[in-house]
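Residue-level structural notes
For reference, the chains in residue letters:
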Amino acid sequence: MLQGGLIHPASPGCYHLLPPAVRSMEKLIRLIDGAMRNIGGQKVNMPSLSSAELWRASGRWEQMGPELFRLADRHSKEYCLGPTHEEAVTELVAAHSNLSYRHLPLRLYQVTRKFRDEPKPRFGLLRSREFYMKDMYTFDTSEEAARHTYELVCRAYRSLFKHLGLRCVQVRAATGTIGGTASHEFQLPADIGEDRLVLCPAGHFAANVEMVDEEQTACPTCGEKLTQSRGIEVGHTFYLGTKYSSVHNAVFYTPENKLQLAEMGCYGLGVTRILAASIEVLSTEDSIRWPSLIAPFQACFIPPKKGSKEEEGAVLLEQLYDDVAEALPCLVGDVVLDDRTQMTIGKRLKDANKLGYPYVVIAGRRACEDPPVFEVWDQSTGTVLYLTKEGVIELLSKVQLP
């Protein structure tokens with residue numbers, strides 16, 4: 001991502017996201033917004049600064065230890081930079097004291113910067129001190145309803161990763177400092193991953209290694225030998241019960257007009273981590289490959305070098321670029337013309353590989369034929385196609401956008 005001009009280091013564990021990475025992230029957020037809306041999610045935006053009083057009430061001010069970024073204002077009032085927002089959202093809901101069972105389920109989510117004072121930030125955006133996360137907090141009338149919401153969100157996560165074309169495994173996990181009684185991680189299997197997973201080859205069982213006994217070597221369902229894998233955690237879900245609603249008194253009126261504590265769940269997706277993890281699992285040694293839906297741009301058009309034998313193909317390629325924009329208006333802004341014609345095609349193709357365009361269209365020798373034939377690199381398959389103008393437009397018409 002550094003070589004491709006996607007990110008630039010600012011300080012340990014903090015990065016500038018450069019324009020292509022921001023484009024990719026915005027596309028991913030659009031997909032996440034759609035997935036959350038489909039299950040009744042409503043978007044909010046909570047402050048990054050969170051009062052120490054809230055965290056002390058839940059017991060996490062001490063429990064979180066040095067990973068919590070802590071600060072005091074000019075009045076000596078203590079705050080933290082939120083790594084997560086259970087306390088804040090529960091207080092928000094509790095402040096609406098006339099909440100009725102008719103208002104539930106309530107599913108609130110945000111996509112915001114989070115902060116964690118990592119002792120050893122590493123792997124770029126995979127383990128950083130400042131990152132973007134989508135976090136959803138749900139409030140239900142009963143455990144049964146909360147469990148239904150839990151399965152609904154897990155299904156939405158699985159569907160999102162499938163839509164992105166990423167192999168993602170839902171594994172049983174520890175609840176850690178978030179708490180609650182049930183938890184699952186969503187892991188992308190990868191050699192670089194920090195988590196160790198045990199998986200049933202038939203798909204009946206999957207868990208983080210910390211959740212199984214050392215003696216357990218076979219799947220409890222089918223008896224198959226469990227295999228080990230490493231994974232990058234890109235999502236985490238928790239069934240919280242009344243752990244936070246009881247502290248902050250997040251209650252609602254039942255049909256009998258009695259006050260009852262809301263049953264809660266919380267659900268995270270690492271937005272910047274998904275960007276880095278998807279590049280990690282899909283790319284080759286010398287070229288970035290994105291899930292095509294969130295590639296910063298969909299296609300790059302490379303005209304010949306100025307002064308080369310093929311130079312007359314430049315006009316034809318620029319005409320093709322305009323024809324694509326006219327025929328496929330949805331792709332306007334998602335297609336780039338690399339007009340650095342003082343550089344060779346090979347050098348610009350190398351740059352295109354670094355950035356990860358799903359398609360690269362080149363005006364080579366055959367662009368001067370009648371009819372002109374263009375060289376099209378399909379990065380997802382690593383194949384080269386030779387297509388006329390109509391063929392290029394037909395190929396790009398199949399491109400999906402979020």
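- The protein goes by Probable proline--tRNA ligase, mitochondrial in an unreviewed UniProt entry, where it is assigned to Meleagris gallopavo.
- Looking at the protein in UniProt, the text filed under Catalytic activity (unreviewed entry) is "tRNA(Pro) + L-proline + ATP = L-prolyl-tRNA(Pro) + AMP + diphosphate".
- Turning to the protein, the UniProt annotation filed under Function (unreviewed entry) states: "Mitochondrial aminoacyl-tRNA synthetase that catalyzes the specific attachment of the proline amino acid (aa) to the homologous transfer RNA (tRNA), further participating in protein synthesis. The reaction occurs in a two steps: proline is first activated by ATP to form Pro-AMP and then transferred to the acceptor end of tRNA(Pro)."

Quick look at the overall build of the protein
- Helix and strand counts for the protein come out as 10 helices and 21 strands.
- Principal-axis analysis of the C-alpha atoms places the extent of the protein at approximately 80 × 60 × 45 Å.
- By residue count, 51% of the 402 residues in the protein fall in the buried class.
- Of the contacts formed within the protein by residues at least 6 apart in sequence, a portion of 66% connects residues at least 24 apart.
- Summing over all exposed atoms, the protein offers an accessible surface of approximately 19,400 Å²; the carbon and sulfur share of this is 50%.
- Side-chain charges in the protein split into 45 positive and 50 negative, and the spacing between the mean points of these groups amounts to 2 Å.

Some thoughts on the pattern of salt bridges
- Scanning the model with the defined rule gives 21 salt bridges in all.
- When the shortest N-O distance is used, the salt bridge between Glu 194 and Arg 127 registers 3.1 Å. Here Glu 194, found in the loop between β10 (182-189) and β11 (195-199), pairs with Arg 127, found in the loop between β7 (106-115) and β8 (130-140); they are 67 residues apart in sequence, far enough to count as distant.
- Residue class for Glu 194 comes out partly exposed when judged on its relative accessible area of 33%.
- Since its relative accessible area comes to 19%, Arg 127 is described here as buried.
- Three or more residues are tied together by salt bridges with common partners; here these are Arg 116, Glu 118, Arg 122, Arg 127 and Glu 194.

Here we look at the sheet that holds strand β5 (residues 69-72)
- Sheet architecture is open: 3 strands sit in the order β4-β6-β5, paired in antiparallel fashion. The outermost strands of the open sheet, each flanked by one partner alone, are β4 (49-51) and β5. Pairs of neighbouring strands in the sheet enclose a mean axial angle of 40 degrees, with direction left out of account.
- Two strands pair when backbone bridges link them, and β4 and strand β6 (residues 78-81) are joined in this way by 3 bridges, in the antiparallel orientation. Note that in β6 the partner of Ser 51 across the bridge is Tyr 79.

Examining the pairing of β11
- Where burial is concerned, most of β11 is hidden: 4 out of the 5 residues are buried.
- Relative to strand β13 (residues 227-241), β11 runs antiparallel, the two being bridged by 5 bridges. Looking at β13, one finds that Val 198 is bridged to Gln 228.
- Here β11 pairs with strand β12 (residues 206-208) via 3 bridges, running antiparallel. Bridging across to β12, Leu 197 finds its partner in Asn 208.
- Between β11 and β12, which pair antiparallel in sequence order, lie 6 residues; one of them, Gly 203, sits at a positive phi of approximately 85 degrees.

Overview of the state of the cysteines
- Per the stated rule, a full pass over the model turns up 0 disulfides.
- With no disulfide partner, Cys 300 has as its closest neighbouring cysteine sulfur the one in Cys 330, 18 Å distant.
- Left without a disulfide partner, Cys 368 is nearest to the cysteine sulfur of Cys 300, which lies 19 Å away.

Observations regarding the sheet that holds strand β17 (residues 299-302)
- Spatially, the 5 strands line up as an open sheet ordered β18-β17-β19-β20-β21, and their pairing is mixed. This sheet does not close on itself; its edge strands, each paired only once, are β18 (335-337) and β21 (383-387). Averaged over all neighbouring strand pairs, the angle between strand axes comes to 20 degrees, with direction disregarded.
- As defined by bridge partners, strand β19 (residues 359-362) adjoins strand β20 (residues 374-378) across 4 bridges and the pair is classed as antiparallel. Residue Ile 362 lies in a different strand from β20, and its bridge partner there is Glu 375.
- Against the sheet, helix α10 (residues 389-396) makes contact with β17, β19, β20 and β21, and its axis sits at roughly 130 degrees relative to β21, the strand it touches most.

Procedures and definitions
- The residue numbers shown here count from 1 along each chain, following its written sequence.
- Reporting in this predicted model follows two pLDDT cut-offs: at least 70 for local features of residues, and 80 or more for side-chain atom pairs to be given and counted; totals over whole chains, interfaces and linings ignore these cut-offs and use all residues.
- Side-chain descriptors were evaluated using all non-hydrogen atoms of the structure, hydrogens and water having been removed beforehand.
- UniProt positions are given in the numbering used here, feature names are shortened, and annotations may be inferred rather than shown by experiment.
- Strands here are runs of E lasting at least two residues and helices are runs of H or I lasting at least four, both read from the DSSP assignment and numbered beginning at the N terminus.
- Only protein chains enter the accessibility calculation, which uses a 1.4 Å probe. A residue is then buried if its area is under 20% of the maximum for its type, exposed if over 50%, and partly exposed in between.
- The contact rule is simple, with two residues in contact once any of their heavy atoms fall within 4.5 Å.
- Only the protein chains shown count as cover for residues, with accessible areas throughout obtained via the Shrake-Rupley method and a probe of 1.4 Å.
- The positive count covers Lys and Arg only, the negative count covers Asp and Glu only, and His and the chain ends enter neither.
- Each charge is placed at NZ for Lys, CZ for Arg, CG for Asp and CD for Glu.
- Whenever a carboxyl oxygen of Asp or Glu lies within 4 Å of a side-chain nitrogen of Lys or Arg, that contact is scored as a salt bridge.
- Paired strands are those between which DSSP finds at least two bridges.
- Think of each axis as a best-fit line through the C-alpha atoms, taken over the contacting stretch in the case of a helix, with angles from 0 to 180 degrees between the N-to-C directions.
- Criterion for a disulfide: a pair of cysteine sulfur atoms at a distance within 2.5 Å.

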